[in-house]
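Listed below, chain by chain, are the residues.
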Amino acid sequence: MSPKQPSMERRDFLDSMARRLPVWMFFLSAFSPENLLAQSDSATEPPPGYDPTKHNYAMGVDIHKCIGCGRCADACKNENHVPREPFFYRTWVERYICPPEGDAIVDSPNGGIDGFPEYKGDKEVLRTYFVPKLCNHCENAPCVQVCPVGATFVSRDGVVLVDESYCVGCRYCIQACPYGARYLHPETKTADKCTFCYHRITKGLLPACVEVCPTQTRVFGEAGHRSSPIWRFMRFGNVTVLKAYLNTKPKVYYSGADMEVR
Amino acid sequence: MDLHAVTQAAAEMPHVTGYMYPNEAELHWSILIVIYPYLTGLVAGAFILASLERVFNVRVLQPVYRLSLLTALSFLLIAPLPLLAHLGKPERSYEMFLTPHSESAMAMFGFVYAWYLMVVLLLEIWFDYRRNFIEWSKTKKAALTRLMYKVLSLGTTDVSEKALKFDDKVGRIITIIGIPSAFLLHGYVGFIFGSVKANPWWSSVLMPIVFLFSAIVSGIAMVLLIYMVTSMFRVKEISMPCLNRLAELLFYALIVDFSLELLDFIQRLYESEESIHILSDMISSRLFISLIVTQIMLGTLLPIFSIAMARFGRFPDEMKRVTYLFAALLVQLGIFSTRWNVVIGGQLFSKSLRGLTTYKLDVFGLEGILVSGVLLITPFIILAVLSRILPPWMESGHRAST
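So, how was this worked out
- Residues numbered from 1 in each chain as written.
- Chains lettered and ligands numbered in written order.
- Predicted model: local features only at pLDDT ≥ 70, side-chain atom pairs only at ≥ 80, totals over all residues.
- Core = buried A, V, L, I, M, F, W, Y, C linked by C-beta atoms within 7 Å.
- Buried ≥ 20, exposed ≤ 12 C-beta atoms within 10 Å, placed from the backbone.
- Helix = DSSP H or I, 4+ residues; strand = E, 2+ residues; numbered from the N terminus.
- Contact = placed C-beta atoms within 7 Å.
- Nonpolar A, V, L, I, M, F, W, Y, C, P; charged D, E, K, R; others polar.
- Pairing = 2+ DSSP bridges.
- Axes fitted to C-alpha atoms, helices over the stretch in contact; angles between N-to-C directions.
- pLDDT = per-residue confidence, 0-100.
- Parallel < 35°, antiparallel > 145°, perpendicular 65-115°, else oblique.
- Left-handed = near helix turned anticlockwise from the far one by under 90°.

**Describing the nonpolar core**
Residue and element names in this part refer to chain B.
Move 1: By size, the foremost hydrophobic cluster in this structure holds 173 residues, and its most contacted members are Val43, Ile220, Val223 and Leu250.
Move 2: At 17 residues, helix H2 (residues 31–55) tops the list of elements feeding residues into this core.
Move 3: In this view, Leu250 contacts Val217, Ile220, Ala221, Leu224, Ile307 and Val331; residues no more than four positions away in its chain are not counted.

Below is the structure:
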């Protein structure tokens, strides 16, 4: 009697192949040309030893303090190689001109980088104020939800980031952002936005816009630490978030925002 | 960049009235994204028309059954191209299949598309033509043609009554699966827009349903057009009962579609949310021609009235045919305008609800008129080739004509 050869039934074969399918897909995607060529993204790569689970970042903007100098928007463009041409902005400053009656007039020439020209309209000006804008780093981010490949994500330290080596450039995230905070980078052809200067904050530095602000309009820090200035700002600053009704749960808090700010 | 250069660059930017967030001044989804829902709508509409004959036994529509299927296939083959051409990184598009983000509406496109193409359309067409493939693989003159049909028959040779009955049964089952699939394909495209809560022009629970009915309208009108034009070139008599039924269906679909859009409009007006002012401004300025004139008046009301008169009035057949042709052409203009108004309109106003921008359509370039024209014409070329290989004409051996 000859020893029985171990044989593989067709069903077993298909079954084992099916179970290995995820592994194949993993290898296929791992060896894709992009991944082989992809360099580690220095803009978002945290330094060794950095533990993202121990952080939860947030930003505060005190509208009463902003003088509209636009240094923040300029510093951001320098720091993050944002194209200089209008209109690509990770952050910008809006001017609200309030007449005695009726709607405010809003403008942001070149994002406020070159300052604001004198208002030459026909309405009487009762008061003006400036509102810096940026990505709100929403906890419930619509841009993250719609990304078809998961290239944009909320990091464990609460920052919304884009993996530019993975983004397909479909621009659905740009459409889904209620704050107009995203743009398609003309060189990389991928979505780009504020990262809270992730390369800086993971080293314990402040975002460039916060660093250069001459009036401390922008406050940055750990939302969960009582010793952090942002914690105090959030608790005592009489703050609001933009478009709260959309349930995006922004992590950029505004103090002194009038109802016309949106 | 100095102030002068910035001012100059700003002058070259689209004409903005009021205030747009700076990143919004240029539109992100161009005419290519207008073409995409237009094409998928035609696919879904043509397929639903075909399924009427197959599943609901509307025998009078037999002359256009196969034509509808081939029309759906021709448009489906081109439908993903505008999407692909529009991606910033088209070479990475396969990532949507390999690592789809399960929460993303867009990530499902590839799967819905593949399901519809592979499981529904190709299978249905194959089962419907199988008997003909076998027949043609024996009777055609050129050896190469015979070989082609042999390959298309996938080696099957059984044309016994039992086998043909099986083909018919499977065809019916596939169509039954196909109807919800067609609803899924286009309803889903509507969901891509309707689910964007940041955009008050898009965000509406009715969006998938409105998309679906406008798809049915465009599909019926397109098949009607193709049937009339091909009959003319083939010097064959048009089946008037079929044409009348097509016109009737188009009429009913138009009424439902228009009612839904009206409902959406009234709801928005009545709710009168924060966005109502800027949306009214947009409709009365930027979208006046494409919404009020071409979509509603020329593309919906005029076809409704003209079909009603021709179909239910005492028109001679010749006059009816001319009216139907005219109405179907207007419907295509209307549905294209609908897609335009959704996609482009949704980006013309600022999410700050304070301003309007403009969309400048280029002639050349990937997102220009020329490429768009090619994308819109290619399905007809594919259909012409397909109808040579798979003659859809009733007299060429339809299962029911024997």
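**Some details on the interface of chain B and chain A**
Move 1: Between chain B and chain A, the residue contacts involve 39 residues of the former and 44 residues of the latter.
Move 2: At the level of elements, helix H1 (3–12) and helix H5 (95–98) of chain B are the ones that each hand at least two residues to the side of chain B that touches chain A.
Move 3: Considering every element that reaches the side of chain B that touches chain A, the biggest residue donor is H1(B), with four residues.
Move 4: Here the side of chain B that touches chain A is composed, by residue class, of 21 nonpolar, nine polar and nine charged.

**A few points about the sheet that holds strand S11 (residues 252–255) of chain A**
Residue and element names in this part refer to chain A.
Move 1: With respect to topology, four strands assemble into an open sheet ordered S9-S1-S11-S10, the strand pairing being mixed. Each end of this open sheet is capped by a strand with a single partner; those strands are strand S9 (218–222) and strand S10 (239–240).
Move 2: Relative to S11, S10 is paired through two bridges, and the arrangement is antiparallel. The partner of Val239 across the bridge, within S11, is Ser255.
Move 3: Across the sheet, helix H8 (residues 229–236) lies against strand S1 (57–62), S9, S10 and S11, angled at about 110° from S9, the strand it touches most.

**Section: the environment of B:Ser68**
Residue and element names in this part refer to chain B.
Move 1: Of note, Ser68 is situated in helix H3 (residues 65–78).
Move 2: Here Ser68 falls in the buried class, since 27 other C-beta atoms lie within 10 Å of it.
Move 3: The spacing of Ser68 and Pro392 is 324 residues in sequence and 8.8 Å in space, taken between C-alpha atoms.
Move 4: Not counting residues up to four positions away in its chain, the partners in contact with Ser68 are Ala46, Phe47, Leu49, Ala50 and Val223.

**Comments concerning the sheet that holds strand S2 (residues 91–98) of chain A**
Residues and elements named next belong to chain A.
Move 1: With antiparallel pairing, three strands are arranged side by side in an open sheet as S3-S2-S4. Edge positions in the sheet fall to strand S3 (105–107) and strand S4 (127–134), since each has one partner strand and no second. Recorded for the sheet is a direction-independent mean angle of 25° between the axes of neighbouring strands.
Move 2: Relative to S4, S2 runs antiparallel, the two being bridged by eight bridges. Paired with Val93 across the bridge in S4 is Pro132.
Move 3: Contacts between helix H3 (residues 71–80) and the sheet are confined to S2 and S4, with S2 contributing the most and set at about 160° to the helix.

**Notes on the confidence of the model for chain B**
Move 1: When pLDDT is averaged along chain B, the result is 91; 94% of the residues meet or exceed 70.
Move 2: Interface predicted TM-score (ipTM) for the complex: 0.90; the corresponding pTM is 0.89.

**Considerations on the pairing of S9(A)**
Residue and element names in this part refer to chain A.
Move 1: The buried fraction of S9 is high, at four of five residues.
Move 2: Across five bridges, S1 lies against S9 in antiparallel orientation. Bridged to Gly60 within S9 is Val219.

**Quick look at the packing of helix H10 (residues 240–271) of chain B against helix H13 (residues 317–343) of chain B**
Residues and elements named next belong to chain B.
Move 1: Closest axis-to-axis distance for the H10/H13 pair is 11 Å, and the angle between their directions is 40°. Of the possible angle classes, the one that applies to H10 and H13 is oblique. Of the two possible hands of crossing, H10 and H13 adopt the one that is left-handed. For the pair H10 and H13, the contacting residues are Met240, Leu243, Ala247 and Leu250 in the first and Asp317, Arg321, Tyr324 and Val331 in the second.
Move 2: Here the contact of H10 with H13 is composed, by residue class, of six nonpolar, no polar and two charged.

**Section: the environment of B:Val159**
All names here are of chain B.
Move 1: You can see Val159 is positioned in the loop between helix H7 (143–152) and helix H8 (161–194).
Move 2: A C-alpha to C-alpha distance of 24 Å links Val159 and Arg59, two positions 100 residues apart in sequence.
Move 3: Not counting the four nearest positions on each side in its chain, Val159 is found in contact with Arg131, Ile134 and Leu164.

**Digging into the confidence of the model for chain A**
Move 1: On average, residues of chain A carry a pLDDT of 87, and 83% of them reach 70 or more.
Move 2: The low-confidence segment residues 1–6 of chain A (pLDDT under 50) makes zero contacts with residues lying over four places distant or belonging to another chain.

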